Amino acid sequence: MVGVNPIWGLFIVIFLFFPMTYSEDEVVKQALVRFMDKLAQGNPQRDAKYLSWNLSSDPCNGNWYGVSCLEGNVNTIVVDDSSLRGTLDASSLCMAKSLQSLSLKKNNLHGLIPEDIGTCKSLNHLYLSENNFSGDLPISLAELGNLERLNIASNNFSGELYNVIHVSGLISFLAENNKFTGEIPDFNFSKLLEFNVSNNNLEGPLPDFRGGFQVDSFSGNPNLCGTPLPKACPPTPPPHAKKDIKSFIDGLAIYSGYVILGVMVLFFFAFKLVRKLKTKEEALIVEMKEVAEETSGERPREISSETRSSIGMKSEYSMSSLESGMNTSTLVVFSNPASKELQLEDLLKAPAELIGRGKKGSLYKVMLDNGFFLAVKRIKDWGIPKQDFGKRMAKIGQVKHPYVLPPVAYYCSRDEKLLAYEYMENGNLFKMLCGSPSGQSFDWGSRLNVAAKIADALAYMHEELCGSGIAHGNLKSSNILFGKNMDPYISEYGLMVSENKAQSAISQGKSLKNKSLSAASAHAYNTFKVDTYAFGVILLELLTGKVVENSGFNLAKWVSSVLREEWTFEVFDKSLISQGASEERMVNLLQVALKCINPSPTDRPSMSEVAVMTITLKEEEERYITFESSTH
C-alpha cells in the first residue's frame, strides 16, 4: 500500500468531517457583484461599506453590507440612502432565487424597472421610493406571485397602472408623487391595507374601493372625481335623442323577430316566478312567525324543510317583532360602500335564501337592492349579553387582515342577533375537499397555500389584533371560504367563545397539562389552544382528503393509529401522491399537524409558531418549483 502523507491525511479528515460551506454559489456571487456595480455606476468613490461586495468574500459569511441570509441563501438586500446613482440590473439581482425583500429607497437611481424583475419569483417586498426611476411599470410585475408590498413613491414613473392590478397578492401599494396617467384600475381593495396614488396625473371616477381609504390616498389628481374627493363626477350624458327614421324602420324589420322571442321568454319566466312565489308563501309565513314567537318569549315552532329553499324576508319580520321600541338605526354598519345607508329593513325585506342551519342559528344568502349579496347569520340561543356582543363585534370589525372575512354589519337586541358578511361565491374548504362542484383541481400547492394563509391569519388574530388577541372558537373547514380568486378567508370569527374567560384562566395559572382535551375544559382554559387544535385537524383534512364535520369520524385518532402501525404514506390523499406531491413536505406538514393536536393544550405550539413552520414549507415548495422550471 502506498503511504499517505500525514499532512494530507489531516486535510482529508478535516474535509470529511468539517466540510466547507458557502451560502451562495459563485454564479450568484458574481451576479450580485454585477448588481452592485450597476447601482454604483458613475460613483467611483462609492461608500467604503459597499467594498464588502466582492468576489473574495461570501454574501452570507463575508458580512456584505445590507445583505441578510436565511439558511445560507440571500434573503434580504437593504441599501437605502446610500448615494447610489446607477440603474437596477434585475437580471443579475434575480439570480439570487431566494431573495424575498429588496429596498433601494432614498438614492438617485434612474432608468426603467427592467422586465427581468419578473424572474425574482420569491420577492415579497420591493421598495424603490425616493429615486429617479421613470417610464412605464413593467408587464412582468404580474409574474411576481408572492409580491405583497410595492413602494414606488416619489419617482418619475409615467403611463398607466393596469400592470399592477394583476399582482394578485398585493396588500400594500404606494405610488404617490409620480406622473401616472389614465384611470385608477379596479384593484382588489378588499386585500389592500395601504394604498396611495396622490399627486399624479390620474383622471376619471374613483373605483369602488370599499371605503377603506381616505381622501389623502387620492388627492393631488385634479381630474379625479367621486367620493371621498370634493369633486363630483359629471352625470353620464344621455344618448342622442334624434335617430334616423329610415335606420330605425330598417332595424325594426331586422330585429322584430328577436324582440318577439324575447317578450315570449320574459312572459315564460314571469309565469314561473309567480308560481314559485305562490308556493313559497306558506313557508315564508312559518319562518317569519317563528322569529316573532322567539323574540316574544313563546316557544318556537319547527320549520318545515320547504323553508330551506329561496324565501323572501317580507315586512312580517319587522322591527316590532324583534324588540319593542327599537328602530332601524340600531343596525350597526361597518365601513363598506356596498352596505352604505344599509338599514335593518333592507335586510328583512330583501330576497333571501336559507343556505344553512346549525345549532346556533341559520344562514341566509341575501341580495340587496344594488345587486350586492350578503351572507346573513341569524344567531339564537347564545348567552352572551347584548353589550358584550357589541364590544366583540366592534373589535372584530377593526380587522384588516386580508384573509379574515370582516363583518359588514350587525344587529343586536335582547333575544335576536344578526350578523352580515360579504357573500363568498366559491364555496368553502369542506366542499372543496369533498369534490369541487366546478371540477376544479385541489392540488398540493393549492392546499399548502390555504394552510399557510389561514395560519398567518390566525396568528395575527391571536397576537396582534388591537394589542390583545381574540380566538375564533369554532374553526372548521366549512368556515374557510373561497373568494372570487380562490383566496381563502376565515369566516364567523369569534362568535362562539368568550376570550375573557380564556385570558382569565391563563392569568390565574390554570393548567390542563397531561389531560385529554374536552370541549368544556379547553374552553375554560385557553380558547387559543382550541384554535390550534382545530387548525391541526384542518391540516389533517388537507393531507388526507377526509373531512370530519358532522360525520362523527375522529380523524386525529385514525391518523394516530395509522402512524403507530408505521404506515405513514397510507395517511396521505391518494390524489396528492398521484399528482407527484413532495412526500418530504407532506411529512413535514403532517408533523406540524401532530404538534397542533397534542392532547395536552400546554404542549401545543402557539399559532405564530405554527404560522412560521407552515409558511416556511410553502416557501420551500415555491423555491423547488422555481428551480424545476428553470432547469427544464
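The sections below set out a description of the structure shown in this document.

## Here's the deal with the sheet that holds strand β7 (residues 149-151)
- One open sheet accounts for seven strands, arranged β1-β2-β3-β5-β7-β9-β11; its pairing is mixed. Two strands lie at the open edges of the sheet, namely β1 (67-70) and β11 (194-196), each paired on one side alone. Averaged over all pairs of adjacent strands, the angle between strand axes in this sheet comes to 15°, irrespective of strand direction.
- Two elements, β1 and strand β2 (residues 73-78), share four bridges in a ladder whose sense is antiparallel.

## Let's talk about the environment of K105
- Examined against the element boundaries, K105 turns out to sit in the loop between β3 (101-103) and β4 (110-111).
- A sequence separation of 24 residues divides K105 from D81, and the C-alpha atoms of the two residues are 6.2 Å apart.
- For K105, the contacting residues outside a window of four places in its chain are V79, D80, D81, Y127, S129 and N131.

## Observations concerning the packing of helix α9 (residues 444-463) against helix α12 (residues 527-544)
- Interaxial distance between α9 and α12 falls to 10 Å at its minimum, and their mutual angle equals 175°. In terms of their interaxial angle, α9 and α12 are classed as roughly antiparallel. Between α9 and α12, the residues in contact are W444, R447, A451, I454, A455, L458 and H462 and F528, D531, F535, L539, L542 and L543, respectively.
- The class makeup of the residues in the contact of α9 with α12 is 10 nonpolar, one polar and two charged.

## Some details on helix α13 (residues 555-564)
- Here α13 has its buried residues at L555, A556, V559 and V562. Taken down its axis, α13 places every buried residue within 130° of arc, on the same side. Among the exposed residues of α13, those oriented more than 90 degrees off its buried face are K557 and R564.
- In this structure, the buried residues of α13 make contact with α12 and α15 (583-596).
- The opening residue of α13, the one whose side-chain oxygen lies 3.4 Å from the backbone nitrogen of A556, is N554.
- Downstream of α13 by a residue or two, E566 has a phi angle that is positive, lying close to 60°.

## Comments concerning unusual backbone geometry
- T227 connects to P228 through a cis peptide bond whose omega is 10°.
- Tracing the backbone shows P228 in the loop between β13 (223-225) and α4 (245-295).
- Unlike most non-glycine residues, N199 shows phi in positive territory, near 60°.
- With respect to the element layout, N199 can be found in the loop between β11 and β12 (201-205).
- The exposure class of N199 is partly exposed, given its relative accessible area of 37%.
- Residue M486 is not a glycine yet carries a positive backbone phi of 65°.
- Considering the arrangement of structural elements, one finds M486 in the loop between β21 (480-482) and β22 (488-490).

## So, a nonpolar patch on the surface
- Where nonpolar side chains cluster on the molecular surface, the patch consists of L261, V265, F268 and F269 and spans about 400 Å² of accessible area.
- Relative to the helices and strands, F268 resides in helix α4.

## Observations concerning the environment of E609
- Within the fold, E609 resides in helix α16 (residues 607-630).
- C-alpha of E609 to C-alpha of A455: the two residues are 154 residues apart in sequence and 9.3 Å apart in space.
- Among the polar contacts listed, one links the side chain of E609 to the backbone nitrogen of S606, at a separation of 2.9 Å.

## Considerations on the state of the cysteines
- With the rule as written, the count across this model stands at three disulfides.
- The disulfide partner of C60 is C69, and the S-S distance across this bridge is 1.8 Å. Looking down the S-S bond of the C60 and C69 bridge, the torsion is -90°, so its handedness is left-handed.
- The residue that forms a disulfide with C225 is C233, at a sulfur-sulfur distance of 2.1 Å.

## Here's the deal with the pairing of strand β19 (residues 407-412)
- Here β19 lies mainly inside the structure; six of its six residues are buried.
- Examined bridge by bridge, strand β15 (residues 332-333) and β19 share two bridges and lie antiparallel to one another. From the neighbouring strand, V333 faces β19, where its bridge partner is A409.
- With five bridges connecting them, β19 and strand β20 (residues 417-422) associate as antiparallel partners.

## Some points on the sheet that holds strand β6 (residues 132-135)
- Taking strand neighbours across the sheet as the criterion, the six strands line up as β4-β6-β8-β10-β12-β13 in an open arrangement whose pairing is parallel. Every interior strand has two partners, whereas the edge strands, β4 and β13, have only one.
- When strand β8 (residues 156-159) meets strand β10 (residues 179-182), the two strands line up parallel, connected through two bridges. The partner of G159 across the bridge, within β10, is F180.

Conventions used here
- Each chain carries its own residue numbering, running from 1 in the written order of its sequence.
- Only residues with pLDDT of at least 70 get local features here, since the model is predicted, and only at 80 or more are side-chain atom pairs given and counted; chain-wide, interface and lining totals rely on the full set of residues.
- As a rule here, side-chain values cover all heavy atoms of the structure and leave hydrogens and water aside.
- Pairing between strands is defined by DSSP: at least two bridges between them are needed.
- For helices the rule is a DSSP run of H or I covering at least 4 residues; for strands it is a run of E covering at least 2, with both sets numbered from the N terminus onward.
- Note on definitions: angles span 0 to 180 degrees between N-to-C directions of axes, and those axes are lines fitted to C-alpha atoms, for helices only across the stretch in contact.
- Only heavy atoms matter for contacts: two residues are in contact if any of them lie within 4.5 Å across the pair.
- The labels follow the angle: roughly parallel below 35 degrees, roughly antiparallel above 145, roughly perpendicular from 65 to 115, and oblique for the rest.
- Residue polarity is assigned by list, with Asp, Glu, Lys and Arg as charged and Ala, Val, Leu, Ile, Met, Phe, Trp, Tyr, Cys and Pro as nonpolar; anything else, Gly included, falls into the polar class.
- For every residue, the accessible area obtained with a 1.4 Å probe (protein chains only) is divided by the maximum for its type, and the residue is called buried under 20%, exposed over 50%, and partly exposed between those limits.
- Directions pointing from the helix axis toward each C-beta atom define the arc.
- Contacts described as polar in this section are N or O atom pairs within 3.5 Å, which, within protein, must combine one atom able to donate a hydrogen with one able to accept it, while residues neighboring in sequence count only if both atoms come from side chains.
- Residues enter patches when they are more than 30% accessible in relative terms and free of salt bridges; like-charged ones are connected within 9 Å and nonpolar ones (Val, Leu, Ile, Met, Phe, Trp, Tyr) within 5 Å.
- All accessible-area figures derive from a Shrake-Rupley calculation using a 1.4 Å probe, and residue coverage is judged against the displayed protein chains alone.
- We define a salt bridge as a side-chain nitrogen of Lys or Arg found within 4 Å of a carboxyl oxygen belonging to Asp or Glu.
- Two cysteine sulfur atoms make up a disulfide if the distance between them is within 2.5 Å.

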